Amino acid sequence: MAAGFKTVEPLEYYRRFLKENCRPDGRELGEFRTTTVNVGSIGTADGSSLVKLGNTTVICGIKAEFGAPPTDAPDKGYIVPNVDLSPLCSWRFRSGPPGEEAQVASQFIADVIENSQIIQKEDLCISPGKLAWVLYCDLICLNHDGNILDACTFALLAALKNVQLPEVNINEETALAEVNLKKKSYLNIRTHPVATSFAVFDDTLLIVDPTEEEEHLATGTLTVVTDEEGKLCCLHKPGGSGLTGAKLQDCMSRAVTRHKEVKKLMDEVFKSMKPK
Amino acid sequence: MEESMQIETKVRAESGTESGPRGASCTLRHFACEQNLLSRPDGSASFLQGVAEKSRERLIRNTCEAVVLGALHPRTSITVVLQVISDAGSLLACCLNAACMALVDAGVPMRALFCGVTCALDSDGTLMLDPTAKQEKEARAVLTFALDSVERKLLMSTTKGLYSDTELQQCLAAAQAASQHVFRFYRESLQRRYSKS
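Residues numbered from 1 in each chain as written. Chains lettered and ligands numbered in written order. Predicted model: local features only at pLDDT ≥ 70, side-chain atom pairs only at ≥ 80, totals over all residues. Heavy atoms only, no water.

## Considering the interface of chain A and chain B
For interface size, the figure often reported is the accessible area lost on association.
At step 1: Across the contact, 27 residues belong to chain A and 28 residues belong to chain B.
At step 2: When chain A packs against chain B, close to 2500 Å² is buried across both sides, 54% of that on carbon and sulfur atoms.
At step 3: It is E100, L232 and L235 of chain A that lose the most area in chain A upon contact with chain B, and together they represent 22% of the buried surface on that side.
At step 4: Between chain A and chain B we count two salt bridges in total.
At step 5: Two residues, R58 of chain B and E100 of chain A, come together in a salt bridge whose shortest N-O distance is 3.0 Å. (Contact = heavy atoms within 4.5 Å. Buried area = accessible area lost by both parts, 1.4 Å probe. Salt bridge = Lys/Arg side-chain N within 4 Å of Asp/Glu carboxyl O.)

## As for the UniProt feature "domain: Exoribonuclease phosphorolytic" (unreviewed entry) in chain B
All names here are of chain B.
At step 1: According to UniProt, the "domain: Exoribonuclease phosphorolytic" (unreviewed entry) feature falls on residues 54–109 and 113–177.
At step 2: With 54% helix and 7% strand, the stretch residues 54–109 has end C-alpha atoms that lie 26 Å from each other.
At step 3: In residues 113–177, helix accounts for 29% and strand for 42%; the two terminal C-alpha atoms are 15 Å from one another. (UniProt positions renumbered as here; feature names shortened; annotations may be inferred. Helix = DSSP H or I, 4+ residues; strand = E, 2+ residues; numbered from the N terminus.)

## Structural notes on empty space enclosed by the protein
All names here are of chain A.
At step 1: Scanning the model with the defined rule gives three cavities of 30 Å³ or more in all.
At step 2: For the largest cavity, the calculated volume is near 50 Å³.
At step 3: For the largest cavity, the full set of lining residues is F32, L53, D150, A151, F154, V194, A195, R258 and V262.
At step 4: Breaking the lining of the largest cavity down by element, the ones donating at least two residues are helix 4 (148–162), strand 9 (194–201) and helix 6 (245–272).
At step 5: No other element matches the three residues that helix 4 contributes to the lining of the largest cavity. (1 Å grid on protein atoms, 1.4 Å probe; cavity = no way out; pocket = protein on both sides within 12 Å on 5 of 7 lines; lining within 4 Å. Points joined across faces, edges and corners; volume = space filled by probe spheres on them.)

## With respect to the pattern of salt bridges
Side chains carrying opposite charge are able to pair once their charged atoms draw close together.
Residue and element names in this part refer to chain A.
At step 1: In this structure the tally under the stated criterion is 24 salt bridges over all chains.
At step 2: For E214, the salt bridge identified is with R23, shortest N-O distance 3.1 Å. Here R23 lies in the loop between helix 2 (10–19) and strand 1 (35–39) and E214 lies in helix 5 (residues 212–217), a separation of 191 residues in the sequence.
At step 3: Judged by its relative accessible area of 0%, E214 falls in the buried class.
At step 4: Relative accessible area serves as the criterion here: at 1%, R23 is assigned to the buried category.
At step 5: Between K183 and E167 there is a salt bridge, and its shortest N-O distance comes to 3.3 Å. Here E167 lies in strand 7 (residues 164–170) and K183 lies in strand 8 (residues 177–186), a separation of 16 residues in the sequence. (Buried < 20%, exposed > 50% of the residue type's maximum accessible area, 1.4 Å probe, protein only.)

## Topic: the packing of helix 1 (residues 51–67) of chain B against helix 2 (residues 91–106) of chain B
All names here are of chain B.
At step 1: For the pair helix 1 and helix 2, the least separation of the axes is 11 Å and the interaxial angle reads 40°. Considered as vectors, helix 1 and helix 2 are oriented oblique to each other. Along this stretch, helix 1 crosses helix 2, giving a crossing that reads as right-handed. Where helix 1 abuts helix 2, its residues R56, L59, I60, T63 and C64 lie against L91, L92, C95, L96, A99 and L103.
At step 2: Here the contact of helix 1 with helix 2 is built from residues that sort into nine nonpolar, one polar and one charged. (Axes fitted to C-alpha atoms, helices over the stretch in contact; angles between N-to-C directions. Parallel < 35°, antiparallel > 145°, perpendicular 65-115°, else oblique. Left-handed = near helix turned anticlockwise from the far one by under 90°. Nonpolar A, V, L, I, M, F, W, Y, C, P; charged D, E, K, R; others polar.)

## So, a nonpolar patch on the surface
Residue and element names in this part refer to chain A.
At step 1: Taken together, F66, V179 and L181 make up a surface patch of nonpolar side chains, about 270 Å² in accessible area.
At step 2: With respect to the secondary-structure elements, F66 resides in strand 3 (residues 56–67).
At step 3: Look at F66 and you get partly exposed, because its relative accessible area is 35%. (Patch = residues over 30% accessible without salt bridge, like charges linked within 9 Å, V, L, I, M, F, W, Y side chains within 5 Å. Areas by Shrake-Rupley, 256 points an atom, 1.4 Å probe, with all protein chains shown as cover.)

## A word on the side chain of N171 of chain A
Residues and elements named next belong to chain A.
At step 1: By the secondary structure assignment, N171 is in the loop between strand 7 and strand 8.
At step 2: One polar contact links N171 to E178, side chain to side chain, over a distance of 2.7 Å.
At step 3: Apart from the residues within four sequence positions on either side, N171 is in contact with L176 and E178. (Polar contact = N/O pair within 3.5 Å; in protein donor to acceptor, adjacent residues only side chain to side chain.)

## Focus on the environment of L121 of chain B
All names here are of chain B.
At step 1: Within the secondary structure, L121 sits in strand 4 (residues 114–121).
At step 2: For the pair formed by L121 and R187, sequence separation is 66 residues and the distance between their alpha carbons is 30 Å.
At step 3: Setting aside chain neighbours within four positions, we find L121 in contact with T126, L127, A139, R140, A141, L143, Y163, E167 and C171.

## Digging into the packing of helix 3 (residues 100–116) of chain A against helix 4 of chain A
Residue and element names in this part refer to chain A.
At step 1: Direction vectors running N to C along helix 3 and helix 4 enclose 45°, while the axes themselves pass 11 Å from each other. When the interaxial angle is binned, helix 3 and helix 4 end up oblique. Seen along the crossing, helix 3 lies across helix 4 with a hand that is right-handed. Every residue of helix 4 that contacts helix 3 at E101, A105, F108, I109, V112 and I113 is listed here: I148, L149, C152, T153 and L156.
At step 2: For the contact of helix 3 with helix 4, the residue count by class is nine nonpolar, one polar and one charged.

## Notes on the sheet that holds strand 9 of chain A
All names here are of chain A.
At step 1: With antiparallel pairing, four strands are arranged side by side in an open sheet as 10-9-11-12. Two strands bound the open sheet, and with one partner strand each, they are strand 10 (205–208) and strand 12 (232–236). On average, each strand axis in the sheet is tilted by 20° relative to the strand beside it, whichever way the strands run.
At step 2: The sheet contact formed by strand 11 (residues 220–226) and strand 12 spans four bridges and is antiparallel. In the strand pairing of strand 12, V224 is matched with L235. (Pairing = 2+ DSSP bridges.)

Following this line, the structure appears as structure tokens:
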């Protein structure tokens with residue numbers, strides 16, 4: 001009976017739940033799904049992580065390669081994120097060149113890296129003007145059940161914390177790089193940006209961490225990226241229904257709370273990995 | 001069947017209406033719009049390459065989708081083509097203004113008008129509205145907002161750089177105040193246009 005009603009009138013079905021301040025999966029309006037993270041499981045990558053936000057699963061693999069630094073910034077390296085949304089994760093995507101959602105997500109991650117200064121690009125430089133590290137960050141979605149941006153940001157952060165780069169010396173005589181694979185060091189992660197996404201329903205209600213169904217029914221979305229000092233790296237609201245300043249303030253406070261939750265989870269994970 | 005009318009409009013600021021304390025011009029760029037109407041615009045105008053442009057296209061498209069009354073015109077398509085003639089900073093805000101004026105010009109039914117306002121924060125926290133390209137480059141943070149005309153609610157926002165919560169509220173308030181200038185400019189230029197014909 002309920003399943004029939006849900007198919008015919010999905011929005012009304014949802015509204016019934018929202019009136020009672022809860023959602024069909026039993027969560028409250030401000031509650032996130034169970035978040036799990038697994039770090040360092042890909043042996044072939046220099047750094048990796050797997051993040052699950054309820055059913056949404058994103059895996060991040062980071063490979064470090066050599067490259068020439070850009071001519072306008074000879075003391076900087078590169079970080080190149082790429083989000084891959086394939087037909088594997090959802091029926092909505094087709095195989096072929098990256099679709100719009102994947103491109104927008106990649107741009108979003110690039111903006112977060114740039115704005116939050118998670119890594120100083122100068123740290124990636126080996127020899128100014130000649131050699132620098134290029135970090136290719138591949139974020140592959142294995143299951144798309146909504147809120148892809150939060151999962152990708154978290155996966156990227158965890159993977160970057162897991163990256164170990166070998167020591168590189170430039171031999172003066174041959175001008176070649178000598179890589180010492182035995183001596184590896186972690187990256188210097190300066191800030192921990194955490195994304196919190198909201199969906200706007202009927203122009204008034206804000207729910208946190210939308211599932212894919214909720215994203216379809218929503219009239220707008222909002223993503224806030226905060227770092228530990230409560231500063232905002234990114235306020236991404238791509239159109240949709242309007243929000244007042246007061247509502248934005250509520251979102252901000254929820255985002256700050258979420259940041260603490262995520263930071264705690266990450267600290268636990270990395271602490272348990274310490275004896276390596 | 002489908003009627004396709006190409007409307008091109010150039011709107012230039014003649015009087016001193018501006019959207020910032022600098023007294024910068026509100027020059028709207030040349031825009032063209034094909035008059036086919038659809039409840040959901042048929043994808044973005046794919047005349048631009050690059051991922052950054054795709055992202056910008058999506059922002060403009062989603063903002064238009066939020067205000068256009070698509071239900072009144074089913075099975076029709078609206079294509080908004082924005083051609084940048086010159087970029088002197090605050091590009092996205094300018095594109096939004098142009099898109100709104102084009103939709104009005106085309107007679108597309110909308111629930112509100114919208115305008116784009118850019119705010120830049122420099123290293124000591126000074127707020128600058130409608131920054132030039134140089135100011136944008138040197139700024140610590142650049143925030144672009146799209147606000148609607150009915151209640152000045154925030155329709156779209158995209159930001160670059162780091163800033164605090166209070167700074168965000170300040171920028172939003174300043175943008176809301178500035179949007180009044182832009183909406184007044186819309187009204188005046190439309191009045192001027194229709195009073196002649």
